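Remarks on the overall topology
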Amino acid sequence: MLAEPLAQIPESEVRPDTLLRVNNLRTCFRQDGKTVTAVDGVSFDVRKGETLAIVGESGSGKSVTAMSILRLIPSPPGEITDGEILFDGRDVLAMNDEEIRQLRGGDIAMIFQEPMTSMNPVLTVGRQLSEPMVTHGKGDRKSLKARCVELLRQVRIPDPESRLQAYPHQLSGGMRQRVMIAMGLACDPRLIIADEPTTALDVTVQAQILELLKDLTRRNNASMILITHDLGVVARYAERINVMYAGRVVEQGTAREIFKSPRHPYTLGLMASIPRLDQPKGGRLIPITGQPPDLANLPKGCPFHPRCPYAKDQCRQDRPPLTQVSGDHWKACWVDVTEVQPHV
Ligand code: ADP
Ligand code: MG
């Protein structure tokens, strides 16, 4: 493998309101004698009270990034091979088992895509809801009943007292996801990682859940990492965006800036799949064609070049580093999309 320079955030640029810093994270999986680099030199910050969206097609390394932060990567076959994760200045990769247990479900809550698989089918809602609080020493099951009711009320579940007795299968998908969010909130997390929290739900319920999450983070001044393949969701709920492709961040910046002036052809492609959007300057929108990359067999140069309507010779030769467009807007692309028309 070529040793290439990776974007690292200089120590001098740590802002005082940084809650989470991920620096040059690399997570690999070994399979059949091959190594797949699922997350390849990813760096970003999450500030206090803000929502960062991680966007990209399936297989781009979004979930592996999230699971790395909580050290939930199954090993083997996976391993974090490089980088640094700092939560409120504490080195997550150096934490012992007890510290990491306190972090999970304590300071950081994770909400997954499919609530049915992350809930225990044989335990009542009340029991599951009180579990994280018991684990984190917030009281015993009996004294926690009022708190459980309050949590269900917060996530706007009607008739919370009687819902405590319900089993997961007695609830709708939307209600189960609300219970999952309530479980996540139980220990007053400072960071919520929501990994495609609404993908399995219908559109109306999706919007309700996202509104709820946004409202709860605002009220508690918590931060959120919102993982989604839907850039449309991002526009409404995130302050900043990481666009990922083949395990790397290919564009990074404020949501406002990226929607106004997207600079990576992949981002343009993702935007083209949103129904309503202002056209960026300098070109029409072309949806992404072709297959997502095979991580075990990435092409030379920019991993996106085989699907890129703007690709030029340099893109087939050299991997573009993450470079500054302006302020905190960054892109990994050799082409200036504001100047060129697609080569199609
Ligand atoms: P997504 O962006 O859809 O969340 P993931 O982060 O889940 O993508 O996965 C990125 C890539 O990492 C996958 O395409 C796969 O190659 C690899 N990967 C993830 N989990 C595992 C695993 N448990 N074992 C082997 N490879 C994995
Ligand atoms: Mg995923």
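Sequence order as written defines the numbering, with residues in each chain counted from 1. Naming scheme: in the order in which they are written, chains are lettered from A and ligands are numbered from 1. Only residues with pLDDT of at least 70 are given local features in this predicted model, and only at 80 or more are side-chain atom pairs given and counted; all residues enter the totals for whole chains, interfaces and linings. Side-chain metrics in this entry use all non-hydrogen atoms of the structure; hydrogen atoms and water are not considered.

**Structural notes on the environment of Gln 324**
Helical segments are the DSSP runs of H or I of at least four residues, strand segments are the runs of E of at least two, and each set is numbered from the N terminus. Its location among the elements puts Gln 324 in strand 11 (residues 323-326). Put simply, Gln 324 and Gly 253 are 71 residues apart on the chain and 9.7 Å apart in space, counted from C-alpha to C-alpha. We call two residues in contact when some of their heavy atoms are within 4.5 Å. Those residues in contact with Gln 324 that sit more than four places away from it in its chain are His 329 and Trp 330. In protein, a polar contact means a hydrogen-donor-capable atom and an acceptor-capable atom, both N or O and within 3.5 Å, with residues adjacent in sequence counting only if both atoms are side-chain atoms; elsewhere, any N or O pair within 3.5 Å suffices. There is a polar contact of 2.6 Å between the side chain of Gln 324 and the backbone oxygen of Gly 327.

**Things to note about the pairing of strand 2 (residues 34-47)**
To sort residues, take the accessible area from a 1.4 Å probe on protein chains only and compare it with the maximum for the residue type: under 20% means buried, over 50% means exposed, and anything in between is partly exposed. Burial runs high along strand 2: 12 of the 14 residues are buried. Pairing of strand 1 (residues 18-31) with strand 2, which is carried by 11 bridges, proceeds in the antiparallel orientation. Across the sheet, residue Thr 27 finds its bridge partner in strand 2, namely Val 39. Counted between consecutive antiparallel strands, the loop separating strand 1 from strand 2 contains 2 residues, among which Asp 32 sits at a positive phi close to 50 degrees. Here, any two strands with at least 2 DSSP bridges between them count as paired.

**A short note on the nonpolar core**
Nine residue types can take part in a nonpolar core, namely buried Ala, Val, Leu, Ile, Met, Phe, Trp, Tyr and Cys, and a core is a set of them joined through side-chain atoms within 4.5 Å. Grouped together as the largest cluster of nonpolar side chains are 37 residues, with contacts concentrated most on Leu 129, Leu 152, Val 155, Val 179, Ile 181 and Leu 213. When residues of this core are traced back to their parent elements, those giving at least two are helix 4 (125-135), helix 5 (145-154), helix 7 (173-185), strand 7 (191-195), helix 8 (203-220), strand 8 (223-228) and helix 9 (231-237). Considering every element that reaches this core, the biggest residue donor is helix 7, with 7 residues. Here Val 179 is in contact with Met 119, Val 125, Leu 129, Leu 152, Ile 157 and Leu 171, once residues within four sequence places are set aside. Counting residues in hydrophobic clusters, the runner-up holds 33 residues, among them Leu 20, Val 64, Val 92 and Ile 225.

**Thoughts on the side chain of Ser 68**
Counting through the fold element by element, Ser 68 comes out in helix 1 (residues 62-69). Within the local environment of Ser 68, its side chain forms a polar contact with the side chain of Thr 27, the two groups lying 2.9 Å apart. Beyond its immediate stretch of four places on either side in the chain, Ser 68 contacts Leu 25, Thr 27, Ile 73, Ile 80 and Ile 85.

**Side note on the packing of aromatic side chains**
Only rings of Phe, Tyr and Trp enter the pairing, Trp through its six-membered ring, and a pair is recorded when the two centres are within 6.5 Å. The plane angle decides the type: under 30 degrees is stacked, over 60 is edge-to-face, the rest tilted. For the structure shown, the criterion picks out 3 aromatic pairs. A ring pair is formed by Tyr 266 and Phe 304, whose centres lie 5.3 Å apart and whose planes are at 65 degrees; its orientation type is edge-to-face. Taken as a pair, Tyr 266 in helix 11 (residues 265-272) and Phe 304 in the loop between helix 11 and helix 12 (313-317) lie far apart in primary sequence, 38 residues in all. The class of Tyr 266 is buried, set by a relative accessible area of 0%. Grouped by ring-pair contacts, the aromatic residues Tyr 245, Tyr 266 and Phe 304 constitute a single cluster.

**Focus: empty space enclosed by the protein**
Here a cavity denotes a set of grid points, spaced 1 Å apart and computed over the protein atoms alone, in which a 1.4 Å probe fits but from which it cannot get out, and a pocket denotes an open set meeting protein on both sides within 12 Å along at least five of seven lines; residues with an atom within 4 Å of a point are reported as lining. Grid points are joined across faces, edges and corners, and a volume is the space filled by probe spheres set on the points. Tallying each qualifying case throughout the model produces 2 cavities of 30 Å³ or more. Roughly 50 Å³ of volume is contained in the second largest cavity. If you trace the second largest cavity, you find it lined by His 264, Pro 265, Cys 302, Phe 304, Cys 308, Cys 315, Pro 320, Cys 333, Trp 334 and Val 335. The nonpolar class holds Ala, Val, Leu, Ile, Met, Phe, Trp, Tyr, Cys and Pro. Asp, Glu, Lys and Arg form the charged class, and all remaining residues, Gly among them, are polar. Split into classes, the residues belonging to the lining of the second largest cavity amount to 9 nonpolar, 1 polar and no charged.

**Thoughts on unusual backbone geometry**
Residue Ser 75 is joined to Pro 76 through a cis peptide bond whose omega torsion reads -10 degrees. Of the consecutive residues Pro 76 and Pro 77, the connecting peptide bond is found in the cis state with omega at 10 degrees. In this fold, Pro 77 is placed in the loop between helix 1 and strand 4 (78-87). Here Asp 159, not a glycine, exhibits a phi torsion of approximately 55 degrees, which is positive. Mapping Asp 159 onto the fold places it in the loop between helix 5 and helix 6 (160-163). The backbone phi angle of Glu 196 is positive, close to 45 degrees, even though this residue is not glycine.

These results come straight from atomic positions and should not be treated as a statement about function.
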